[in-house]
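# A structural walkthrough
Chain residues, written in single-letter form:
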Amino acid sequence: MATLIRALDTHVRVEYAVFHLVGLGDPDGPGDVDEPMLPEIVLARHTQIHVRSAASEHRPSVRMEAWDAEPAPTVAPDGIPAWDYAADLRLVSPTGIVSLVTLGGKLVRRLTIGPPLFRYGVRLRRAGGAAASDLPQFSDARGVETYLVQTWPLEDVFDAREYLRPSGAPTGSAGRDDEGVAGGGGQGGYEPSAAGDWPSMRRPDSDTGRRTARDTTRRAGPRPTDTTQAQAGSASREFRDLSRVTPEEFARITGLPAPAQSSPPPTVTVRSGDPEDRWRVPGVIYTITPGPREELLEAHPELARHPERLPADFFTWPEDQRQELIAHWRDDLAVIDALTTPTEPRRQLRRTDFAVNPDQASPGMALRAWLWLDPRELDTVRTGALRTGFTAGARDELSGRVFVSAIVTALLTSARGITVRAASTVEAARLLAAERARSPVR
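Rules used throughout
Residues numbered from 1 in each chain as written. Predicted model: local features only at pLDDT ≥ 70, side-chain atom pairs only at ≥ 80, totals over all residues. Heavy atoms only, no water. Helix = DSSP H or I, 4+ residues; strand = E, 2+ residues; numbered from the N terminus. Polar contact = N/O pair within 3.5 Å; in protein donor to acceptor, adjacent residues only side chain to side chain. Contact = heavy atoms within 4.5 Å. 1 Å grid on protein atoms, 1.4 Å probe; cavity = no way out; pocket = protein on both sides within 12 Å on 5 of 7 lines; lining within 4 Å. Points joined across faces, edges and corners; volume = space filled by probe spheres on them. Nonpolar A, V, L, I, M, F, W, Y, C, P; charged D, E, K, R; others polar. Buried < 20%, exposed > 50% of the residue type's maximum accessible area, 1.4 Å probe, protein only. Pairing = 2+ DSSP bridges. Axes fitted to C-alpha atoms, helices over the stretch in contact; angles between N-to-C directions. Salt bridge = Lys/Arg side-chain N within 4 Å of Asp/Glu carboxyl O. Phe/Tyr/Trp six-rings, centres within 6.5 Å; stacked < 30°, edge-to-face > 60°. pLDDT = per-residue confidence, 0-100.

Another aspect to go through is the side chain of E145. Inspection of the secondary structure puts E145 in strand 10 (residues 142–156). Within the structure, E145 has its side chain in polar contact with the side chain of H58 (distance 3.4 Å). For E145, the residues in contact, after removing those within four places along its chain, are S53, A54, H58, P60, S61, R126, A127, G128, G129 and A132.

Before going further, it helps to spend a moment on the layout of surface pockets. Over the atoms rolls a probe the size of a water molecule, and in doing so it shows where empty space is left. In this structure, the largest pocket spans a volume of roughly 510 Å³. H11, R59, K106, V108 and E324 are the residues nearest the centre of the largest pocket, which is lined by 18 residues in total. Mapped by element, the contributors of at least two residues to the lining of the largest pocket are strand 1 (4–11), strand 8 (107–112) and helix 6 (319–339). Partitioning the lining of the largest pocket into residue classes produces 4 nonpolar, 6 polar and 8 charged.

It is worth spelling out the side chain of S414 at this point. Of note, S414 is situated in strand 16 (residues 402–414). Not counting chain neighbours up to four residues away, the residues in contact with S414 comprise E308, Q348 and R351.

Below, the discussion takes up unusual backbone geometry. Positive phi outside glycine occurs at A17, with the angle close to 70°. Here A17 lies in the loop between strand 1 and strand 2 (18–22). Judged by its relative accessible area of 10%, A17 is buried. If you check the backbone angles, L164 has positive phi at about 55° while not being a glycine.

Before going further, it helps to examine empty space enclosed by the protein. Applying the stated rule across the entire model yields 2 cavities of 30 Å³ or more. The computed volume of the largest cavity comes to approximately 70 Å³. Its residues placed into classes, the lining of the largest cavity shows 8 nonpolar, 6 polar and 1 charged. Each pocket or cavity is described by its volume, and for the second largest cavity that value is around 30 Å³. M64, E65, V98, L111, I113, V149 and T151 are the residues that line the second largest cavity. The set of elements that each furnish at least two residues to the lining of the second largest cavity consists of strand 5 (59–67) and strand 10.

One open sheet holds the 5 strands; their spatial order is 1-5-10-9-6, and the pairing between them is mixed. The sheet is open, and its two edges are formed by strand 1 and strand 6 (85–93), each paired on a single side. On average, each strand axis in the sheet is tilted by 20° relative to the strand beside it, whichever way the strands run. The pairing of strand 1 with strand 5 spans 7 bridges and is classified as antiparallel. For H11, the partnering residue across the bridge sits in strand 5 and is S61.

With that settled, consider the pairing of strand 15 (residues 391–395). Strand direction decides the pairing type here: strand 15 and strand 16, joined by 3 bridges, are antiparallel. Looking at the pairing, T391 lines up with S405 of strand 16. Connecting strand 15 to the next strand, strand 16, in antiparallel fashion are 6 residues, including G400 with a positive phi near 85°.

Turning next to the pattern of salt bridges. Under the counting rule described, the total for this entry stands at 26 salt bridges. Across the pair E302 and R330 runs a salt bridge whose closest N-O atoms are separated by 3.1 Å. Here R330 lies in helix 6 and E302 lies in the loop between helix 5 (292–299) and helix 6, a separation of 28 residues in the sequence. Exposure remark for R330: the relative accessible area of 42% places this residue in the partly exposed category. The salt bridge partner of E397 is R395, with a shortest N-O separation of 3.9 Å. Residue class for R395 comes out partly exposed when judged on its relative accessible area of 48%. Several salt bridges converge on common partners, so that one network encompasses D9, R63 and E65.

What follows is about the packing of aromatic side chains. Inspection of the entire model under this criterion finds 8 aromatic pairs. A ring pair is formed by F118 and Y120, whose centres lie 6.5 Å apart and whose planes are at 55°; its orientation type is tilted. Classification of F118 by relative accessible area gives buried; the value is 1%. When the ring of W370 is compared with that of F403, the centres are 5.8 Å apart and the planes differ by 20°; the resulting orientation is stacked. With W370 in strand 14 (residues 366–373) and F403 in strand 16, this pair connects stretches of sequence that are 33 residues apart. On the basis of relative accessible area, W370 is assigned to the partly exposed category, the value being 36%.

Another point: the confidence of the model for the protein. Taken over all residues, the pLDDT of the protein has a mean of 81, while the share at 70 or more is 76%. This stretch, residues 173–184, has a pLDDT under 50; its non-local contacts, to residues over four places away or in other chains, come to 22 contacts. The low-confidence segment residues 208–238, where pLDDT is below 50, has 8 contacts with residues more than four positions distant or belonging to other chains.

Before going further, it helps to spend a moment on the sheet that holds strand 4 (residues 48–52). Ordered in space as 3-4-2-7-8, the 5 strands form an open sheet in which the pairing is antiparallel. Lying at the two open borders of the sheet, with one neighbouring strand each, are strand 3 (42–44) and strand 8. Taking each pair of neighbouring strands and ignoring which way they run, the sheet shows an average axis angle of 20°. In terms of strand pairing, strand 3 meets strand 4 through 3 bridges, oriented antiparallel. Residue V42 lies in a different strand from strand 4, and its bridge partner there is V51. Its contacts with the sheet put helix 6 on strand 7 (97–102) and strand 8, and the angle it makes with strand 8 is roughly 15°.

Structure representation (structure tokens):
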């Protein structure tokens, strides 16, 4: 029975009756910018699907679903008698991620549907087309039209000769023929994988190392504070805490002069993040109230895990732009969560740590990293984010650093660097096959 892996509900701004689903396409279809620009309803291009709405400008509802197998037929939403358009396609996803994009190229939302370089079954349904056609030419109406996009993996279409091939490099093997590699076909001995082997296809109820807060509390045992309080209680029966008595009692118990009572320091309430923070006066007790950043993280605690930092002027942005960035960050984290477990080590690398341009690799794709490490890191690196295919090469005698290589999987590319984890077996197999297929004959 098919299992729903993950789903996303949103709205998209239709411009000139068109929006795009980027990350699914037909390699044999028209180019992404070739004619015709306006499809009848759906047109699958090389790497994207063009969808034509029944209205010129509005905000239809879009639901994207990622399944592990073909799901049962879905009925139309409540209040709508039936779907008024249906398309069933077999398309390739080079990235394993589908992005909802406006005609003008603005990213709306994105969803991980499974492993990259797989062929997928795609079911697209529409309802409400007749009602949408009655809308005025320019409308802000939401949900008049509804789209459902369901995907499920069919087969591995990895090509070792094309994997991460630099732009402008010749197509095909760089010198090794089919007989020089086990398996032939110029695939570097690669055996097609099953979708279930990939981290992105973990079922929602699978054991991924996640534990609920209740489980964590129950297994943690007595809290250290309980012991501390018990010790404090037993001590209080034998010793009197003189820091808690009045000056008069202190003088009576010790026979010393009563300590002079100084006036309490002034208390000032300030807001966290205020520009006046740098002018705080020493000796003054400041009561810090939550600022905009703390309030944002309280409303969206998951954003604290994002590798990037909020722009300095974020809280001066218009509300719709702030919400757009928050949605994109949440999608980034959803992609990372789809590819990793909470306890899996991660590392942030620089672009210069890769021999190929890391922008060529979408999240979930393996690359080889080359970097200099301090010798103290070598003891822990074999259990961390560099453990797959880890090899130590040359040692620089002046600095003591060691030049190493490892196979990592990209999770997120940001201005601060490339977030990676150790590549899984199936991910690393593709990179190794590509290296064998494109290496010169020795």
